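Chain and residue survey
Each chain is listed here by its residues.
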Amino acid sequence: MTKSLDQLRRDARALKTAFEAGDRHARERLRLRPPRPKGSPLKHADYLHVIAQENSFASWPDLKLTVELHGMDRATKLQRLKVALYNGQMAVVERLLDEVPDLADGVLGLEIALYRREAVETALHVDPTCLDRDLGPAPAFVHLARSRVIHAHPEREGDMLAIAELLLSLMVAM
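First, a word on scope: everything that follows refers to the structure included in this document. Keep in mind that what you see is a predicted model, and the values were worked out from it rather than measured. (Residues numbered from 1 in each chain as written. Predicted model: local features only at pLDDT ≥ 70, side-chain atom pairs only at ≥ 80, totals over all residues. Heavy atoms only, no water.)

**Some thoughts on the layout of surface pockets**
What the largest pocket holds in volume is close to 350 Å³. Looking at the largest pocket, it is lined by 17 residues, and the ones nearest its centre are K82, Y86, L110, L135 and H143. Contributions of two or more residues to the lining of the largest pocket are made by α5 (74-87), α7 (108-113) and α9 (140-146). Broken down by element, the lining of the largest pocket gets its largest block of residues, 4 residues, from α5. For the lining of the largest pocket, the class distribution of residues is 10 nonpolar, 4 polar and 3 charged. By volume, the second largest pocket is sized at about 200 Å³. Along its surface, the second largest pocket is lined by F19, R27, L30, R31, P34, P35, R36, P37, K38, G39, S40 and L42. (1 Å grid on protein atoms, 1.4 Å probe; cavity = no way out; pocket = protein on both sides within 12 Å on 5 of 7 lines; lining within 4 Å. Points joined across faces, edges and corners; volume = space filled by probe spheres on them. Helix = DSSP H or I, 4+ residues; strand = E, 2+ residues; numbered from the N terminus. Nonpolar A, V, L, I, M, F, W, Y, C, P; charged D, E, K, R; others polar.)

The following block contains the structure:
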């Protein structure tokens, strides 16, 4: 993808302007890729949807994420993963981890939020005091409690509960 998000947004605005002016080519573009049922009033999102489909993406969010991730270095992707987890943007989380499977490795707060039980157990076995540092602005239980991974992966409930029990046992031992 060589276009920026700004250019793609301008393309959508230009399509909207042309469509509203009755441009035959613009109308044909929307006819080929109808964003909503016939007769419904079109919104800006509909034009973005057409632009995404013309660029071989199923939706604007898919196109937007691809453009955002293109050219990001590892540190920026790690920061984006943190933001996506915090905001419950599981599609972004999955996409980042598909692209860079080891992105969260060694980042205890992320490993807790992703319910990576074995990694959390290993980190705590090696250094039980690691919970006192390197978790960012929130304690371990907040990372666990705020995580929305359970909604996308209910099969990880056992890992989530095991991490909670492990954290509780460490708190009681202190």
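Further notes follow.
**Structural notes on the nonpolar core**
Counting 35 residues, the largest nonpolar core has L81, L85, V93, I112, L131 and L144 as its most contacted members. Only α4 (60-69), α5, α6 (90-99), α7, α8 (117-126), α9, α10 (149-152) and α11 (157-173) provide two or more residues apiece to this core. Ignoring sequence-local partners within four residues, the contact set of L81 consists of V93, L96, L97, L103, A104 and L110. (Core = buried A, V, L, I, M, F, W, Y, C linked by side-chain atoms within 4.5 Å. Buried < 20%, exposed > 50% of the residue type's maximum accessible area, 1.4 Å probe, protein only. Contact = heavy atoms within 4.5 Å.)

**Some words on the side chain of S59**
In this fold, S59 is placed in the loop between α3 (44-54) and α4. If sequence neighbours within four positions are ignored, S59 has contacts with H49 and A52.

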